Amino acid sequence: MDRGVTSESESESLSDLEGSDLSDLELQEAFSKGLLKPGLNVVEETEKQCVNNVVGLKQCLEDFKKDLKWVERLDMTNGPAADIIAEAEGKAVGQENSNIDPEDDFQREVFFYRQAQATTLSALPRLQRLKIATKRPSDYFAEMAKSDQQMQKIREKMLSKQTAIEKSEKAKQLRALRKYGKKVQVEVIQKRQKEKKAMMTAVKKYQKGLSDKLDFLEGDKASSTSKKEGGGGSAQQKRKMNAKRKYKNEKFGFGGRKKGLKRNTKESYDDVSSFKAKIAHSKNDRFGKGGKKHANKRPGKRNRQKMKNRSRN
């Protein structure tokens with residue numbers, strides 16, 4: 001039969017489906033009564049059959065095995081070590097092992113620990129008989145699980161993270177310092193403006209003759225000295241120093257009169273103890289100071305500078 005021509009049964013089923021005016025409720029009732037048959041896409045659930053091929057598994061195990069020495073294998077099968085607490089309570093080893101609850105994590109881990117302990121106690125003498133070292137030497141370096149290149153990459157990554165954290169912390173500190181610096185700067189500017197305003201007010205009062213005090217010329221020093229004095233002492237000590245006199249004292253210093261200190265007096269004129277005839281009447285004295293010719297010649301500028309530097313050092 002040609003593929004393009006449908007059979008009579010298929011055409012009848014298609015006509016039945018097209019001509020059926022069944023509603024959803026009628027279809028649900030028919031499905032509940034079991035009148036509807038499953039279609040072509042129904043999945044049939046079948047139980048999985050597990051195959052326990054014991055012979056094949058044993059054969060695979062024999063294929064895996066190799067005839068190696070025990071030193072190469074280091075495999076041992078041991079029971080748990082003797083439990084001191086069980087022996088003190090009078091329990092037998094088999095009875096004590098049979099009472100282990102596999103759901104109890106602590107009891108199960110203790111059993112594994114005792115089993116490893118028994119294996120170590122039986123393996124150490126065997127290794128010593130074979131003259132195999134069981135202690136790690138002091139200069140032993142174990143091989144790393146990761147290569148040096150990988151560890152170098154990890155180290156560089158950690159260092160980059162650390163430097164990034166340090167940079168962020170420094171940036172935070174700088175931002176905080178800038179905020180604090182701006183705050184201090186604003187306070188200083190406000191204080192200066194206030195002091196300037198107060199000084200201008202005092203100057204205006206002095207110019208108009210409303211006040212005869214010149215405290216505003218001294219500024220902060222006057223306030224500090226007044227605080228130190230604290231109102232004590234005589235009236236002469238309390239009296240403020242003139243600003244002009246204070247400026248001259250700071251510039252020229254104290255110590256009395258210094259003018260005319262190099263003038264001769266009667267005592268200095270009569271004193272001839274420093275006079276030396278040999279030097280005074282010397283023939284080679286060119287300038288009347290005695291001594292050899294050019295003996296006291298002044299050194300040049302560069303030599304004088306060198307001499308100054310030596311004296312300073």
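Starting afresh in each chain, residues are numbered from 1 along the sequence in its written order. In keeping with the model being predicted, local features are shown solely for residues with a pLDDT of at least 70 and side-chain atom pairs are shown and tallied solely at 80 or more, while totals for entire chains, interfaces and linings include all residues. With hydrogens and water stripped out, all remaining heavy atoms of the structure feed into the side-chain values.

**With respect to the overall build of the protein chain**
Then, number 1: We count a stretch as a helix when DSSP gives it H or I for four or more residues in a row; a strand needs E for two or more, and each element gets its number in order from the N terminus. When helices and strands are tallied, the protein chain shows 14 helices and zero strands.
Then, number 2: When the helices and strands of the protein chain are listed from N to C terminus, the series reads α-α-α-α-α-α-α-α-α-α-α-α-α-α.
Then, number 3: Only protein chains enter the calculation, and the probe is 1.4 Å; a residue is then buried if its accessible area is under 20% of its type maximum, exposed if over 50%, and partly exposed in between. Classification of the 313 residues of the protein chain by burial places 6% in the buried group.
Then, number 4: A contact between two residues is defined here by any heavy atoms of the two lying within 4.5 Å. Of the contacts formed within the protein chain by residues at least 6 apart in sequence, a portion of 39% connects residues at least 24 apart.

**Here we look at a nonpolar patch on the surface**
Then, number 1: A cluster of nonpolar side chains, namely Tyr 180, Val 184 and Val 188, defines an oily patch on the protein surface of about 260 Å² accessible area.
Then, number 2: Inspection of the secondary structure assignment puts Tyr 180 in helix H8 (residues 148-208). Distance thresholds for patches are 9 Å for like charges and 5 Å for nonpolar side chains (Val, Leu, Ile, Met, Phe, Trp, Tyr), applied to residues having over 30% relative accessible area and no salt bridge. Here the Shrake-Rupley method, with its probe set to 1.4 Å, supplies the accessible areas, and only the displayed protein chains count as covering residues. Salt bridges are defined as contacts in which a side-chain nitrogen from Lys or Arg sits within 4 Å of a carboxyl oxygen from Asp or Glu.

**Focus: the environment of Lys 205**
Then, number 1: Relative to the assigned elements, Lys 205 resides in helix H8.
Then, number 2: By relative accessible area, which is 42% here, Lys 205 ends up partly exposed.
Then, number 3: If we ignore the near neighbours within four places in the chain, the residues touching Lys 205 are Leu 210 and Ser 211.

**Regarding helix H7 (residues 105-129)**
Then, number 1: A helix's residues, less one, multiplied by 1.5 Å, set its expected span. When the terminal C-alpha atoms of H7 are compared, their 37 Å separation across 25 residues agrees well with the 36 Å that a helix rising 1.5 Å per residue should span.
Then, number 2: Among all positions of H7, only Phe 111, Arg 114, Ala 118, Ala 123 and Leu 127 are buried.
Then, number 3: Where H7 ends, the next residue or the one after it, Lys 131, has phi of about 60°, a positive value.

**Points about a positive patch on the surface**
Then, number 1: Only four residue types enter the charge count: Lys and Arg as positive, Asp and Glu as negative, with His and the chain ends excluded. Think of each charge as sitting on NZ of Lys, CZ of Arg, CG of Asp or CD of Glu. Taken together, Lys 172, Arg 175, Arg 178, Lys 179 and Lys 182 make up a surface patch of like positive charges.
Then, number 2: Inspection of the secondary structure puts Lys 172 in helix H8.

**Some remarks on the confidence of the model for the protein chain**
Then, number 1: Per-residue confidence from the predictor is given as pLDDT, running between 0 and 100. In this model, the protein chain carries an average pLDDT of 76, and 73% of its residues clear a pLDDT of 70 or more.
Then, number 2: When the criterion is pLDDT under 50, residues 1-19 qualifies, and its contacts beyond four places in sequence or with other chains add up to two contacts.

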